[in-house]
Structure formats: structure tokens, C-alpha cells
Amino acid sequence: MKLFSRYPIEDLDGKKIRLTSQSRTSVALLRILLEERFHRKPEYLPGLGAEEGDDACLLIGDLALEENERHRFPYDYDLGTLWQGWQGLPFVFGAWVIAKEATRGELRPVLERYLELTKTGIEKFKADKTAALDAWLSRYPVRLPRPVVDRYYDVLDYRFTEERKESYGLFIKYAQKLGLVESAPPLEFF
């Protein structure tokens with residue numbers, strides 16, 4: 001997830017920022033960074049990409065990768081890098097959350113099988129990333145140079161380490177402070 005801007009991040013106070021509707025987590029992270037780390041209060045606008053008159057836009061996934069290749073904005077900021085530079089912890093971009101009931105009783109074997117298949121799938125992907133991406137891109141082509149796609153998948157990490165658990169807790173704390181979430185349920189890690 002990236003912020004593309006016509007101004008340095010320190011100069012975004014009062015500026016118009018178009019926010020992606022594809023990820024509430026990305027929007028929350030941007031707001032936390034701007035308001036808590038940089039102490040800036042821009043005007044947030046809903047949308048999918050930069051529109052005429054916008055000073056900046058937040059994009060994720062393919063849209064961010066495509067915008068990166070266009071070079072239309074003089075400034076771009078990777079939000080995960082900004083978070084890590086501020087907190088000293090890697091940002092958690094996604095996590096699987098399951099109901100506690102699925103960890104016991106008759107659902108337990110189903111969950112264990114699912115987790116094993118997921119682990120095996122990740123291992124197979126890592127063992128031959130090129131073949132896996134060739135197969136994926138033949139079915140779901142993207143408008144990106146192949147080296148960009150390869151680099152994107154090189155940095156994915158599926159481990160939920162103690163550092164990442166701590167990072168998630170900090171993210172929720174800031175999201176609560178800004179009124180972006182009411183509260184988070186207590187989590188137990190499986």
C-alpha cells in the first residue's frame with residue numbers, strides 16, 4: 001500500500017487525499033501515520049484513484065504497483081516502511097481470524113487440515129515461485145512488467161511472529177485512539 005503525493009508527506013496538512021475503498025486497514029494505517037506520526041490533518045476523500053484536484057492518493061495492490069510504474073507523482077511512500085521506521089516493527093497486512101469454536105470439537109480436524117494445506121501451498125509456491133506465477137498469470141494476467149510481479153512476491157512473509165503480534169496490538173491501540181475502531185476482541189493465537 002502506497003501513498004502517492006504531489007507534496008512531501010510533511011506538507012499534507014489540509015491537502016486533499018483520495019482514499020482507496022479497497023482496504024479499511026490501509027486507510028486506518030494512513031490516518032494513523034499522518035495524524036499520530038506526522039501530526040498532519042488532511043482532507044480525506046473516498047475513491048479508487050487520484051482525481052483532478054487531488055493532492056495525493058492511497059492505493060493498494062495492483063493499482064499501487066501500476067501507479068508506481070507511471071511515475072505521475074513526485075513523492076510516493078510505502079506505508080509499511082513508514083510504520084516500521086516509526087515503530088521498529090513490521091506491519092501486519094493481513095491475518096486469518098477464526099472463531100474459537102473452530103479450534104475444538106468436530107471442527108478441529110477440518111481446521112488442522114486447512115492449515116496443513118495452506119502451509120503446503122506456501123511451501124510449494126516458495127519452492128518454484130516462477131512456475132507458480134507463470135500458471136497464475138496465464139489465468140489472471142496483469143498489466144505489470146514481470147520483474148515487478150516477482151519483486152512483489154519476494155517480500156511476502158506468512159509468519160505471525162511475536163514482533164508482528166506486538167505490531168498488531170499497537171495498530172489497534174492507535175486505531176482506537178483515532179476512533180477508527182471501537183475495540184478489538186481479545187485474541188488468542190493458535
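Keep in mind that what you see is a predicted model, and the values were worked out from it rather than measured.

On to the nonpolar core, then. Counting 28 residues, the largest nonpolar core has L3 and L79 as the members making the most contacts within it. Residue assignment for this core shows that the elements contributing at least two residues are strand 2 (16–20), helix 1 (24–37), strand 4 (56–59), helix 3 (79–87) and helix 7 (162–177). If you tally residues by element for this core, the top one is helix 1, at 7 residues. Within the second largest apolar cluster, 6 residues are counted, among which are L133, L144, V148 and V149.

Let's shift gears to the layout of surface pockets. The computed volume of the second largest pocket comes to approximately 190 Å³. Every residue lining the second largest pocket is listed: G61, D62, L65, L133, W136, L137, V142, L144, V149, Y152 and Y153. Of all the elements in the fold, those that place two or more residues in the lining of the second largest pocket are helix 2 (61–70), helix 5 (129–139) and helix 6 (146–154). The residue inventory of the lining of the second largest pocket, partitioned by class, reads 9 nonpolar, 1 polar and 1 charged.

Turning our attention to the side chain of T20. Residue placement: T20 occurs in strand 2. Reaching out from T20, the side chain makes a polar contact with the backbone nitrogen of Q22 at a distance of 3.0 Å. If near-sequence neighbours (up to four positions away) are discounted, T20 is found in contact with V27, G47, L48, L58 and I60.

For the rest of this paragraph, the subject is the packing of aromatic side chains. Summed over the entire model, instances satisfying the criterion amount to 11 aromatic pairs. Between W83 and W86, the aromatic rings sit 5.7 Å apart at their centres with planes inclined by 85°, giving edge-to-face as the arrangement. With W83 and W86 both in helix 3 and 3 residues apart, the pair spans about one turn of that helix. Its relative accessible area of 0% is what places W83 among the buried residues. The partly exposed category is assigned to W86, whose relative accessible area is 25%. In this structure an aromatic cluster arises from ring pairing among W83, W86, F91, F93, F171 and Y174. Of note, K15 hangs over the ring of Y7, and the distance from its end group to the ring centre comes to 4.7 Å.

For the rest of this paragraph, the subject is the side chain of S23. Along the polypeptide, S23 turns up in the loop between strand 2 and helix 1. When its relative accessible area of 14% is taken as the criterion, S23 is described as buried. A polar atom in the side chain of S23 sits 2.8 Å from the side chain of S26.

Attention shifts here to the packing of helix 3 against helix 7. At their nearest, the axes of helix 3 and helix 7 sit 12 Å apart, and the two run at 95° to each other. On the basis of the axis angle, helix 3 is roughly perpendicular to helix 7. Contacts between helix 3 and helix 7 pair W83, W86 and Q87 from the former with S167, L170, F171 and Y174 from the latter. Along the lines of polarity and charge, the residues of the contact of helix 3 with helix 7 split into 5 nonpolar, 2 polar and no charged.

Here we come to the sheet that holds strand 3 (residues 43–47). The strand order across the open sheet built from 5 strands is 3-2-4-1-5, with neighbouring strands paired in mixed fashion. Strands at the two margins of the open sheet, each flanked by one partner only, are strand 3 and strand 5 (75–78). For this sheet the average axis-to-axis angle between neighbouring strands, irrespective of direction, equals 20°. As paired elements, strand 1 (residues 2–5) and strand 5 share 4 bridges and run antiparallel to each other. The residue bridging K2 from the neighbouring strand is D78, located in strand 5. Sheet contacts for helix 2: strand 1, strand 4 and strand 5; angle to strand 1, the most-contacted strand, approximately 40°. Along the sheet face, helix 3 touches strand 1, strand 4 and strand 5 and points at about 65° away from the line of strand 5.

What follows is about the pairing of strand 3. In the sheet, strand 2 pairs with strand 3 via 5 bridges, with the strands oriented parallel. Note that in strand 3 the partner of L19 across the bridge is P46. Note that the unit made of strand 2, helix 1 and strand 3 has a crossover that is right-handed.

How each quantity is defined
Residues numbered from 1 in each chain as written. Predicted model: local features only at pLDDT ≥ 70, side-chain atom pairs only at ≥ 80, totals over all residues. Heavy atoms only, no water. Core = buried A, V, L, I, M, F, W, Y, C linked by side-chain atoms within 4.5 Å. Buried < 20%, exposed > 50% of the residue type's maximum accessible area, 1.4 Å probe, protein only. Helix = DSSP H or I, 4+ residues; strand = E, 2+ residues; numbered from the N terminus. 1 Å grid on protein atoms, 1.4 Å probe; cavity = no way out; pocket = protein on both sides within 12 Å on 5 of 7 lines; lining within 4 Å. Points joined across faces, edges and corners; volume = space filled by probe spheres on them. Nonpolar A, V, L, I, M, F, W, Y, C, P; charged D, E, K, R; others polar. Polar contact = N/O pair within 3.5 Å; in protein donor to acceptor, adjacent residues only side chain to side chain. Contact = heavy atoms within 4.5 Å. Phe/Tyr/Trp six-rings, centres within 6.5 Å; stacked < 30°, edge-to-face > 60°. Lys NZ or Arg CZ within 6 Å of the ring centre and 35° of its normal. Axes fitted to C-alpha atoms, helices over the stretch in contact; angles between N-to-C directions. Parallel < 35°, antiparallel > 145°, perpendicular 65-115°, else oblique. Pairing = 2+ DSSP bridges. Right-handed = clockwise from strand over helix to strand, strands pointing away.

Interpretation note: all reported values are geometric properties and have no functional meaning in isolation.
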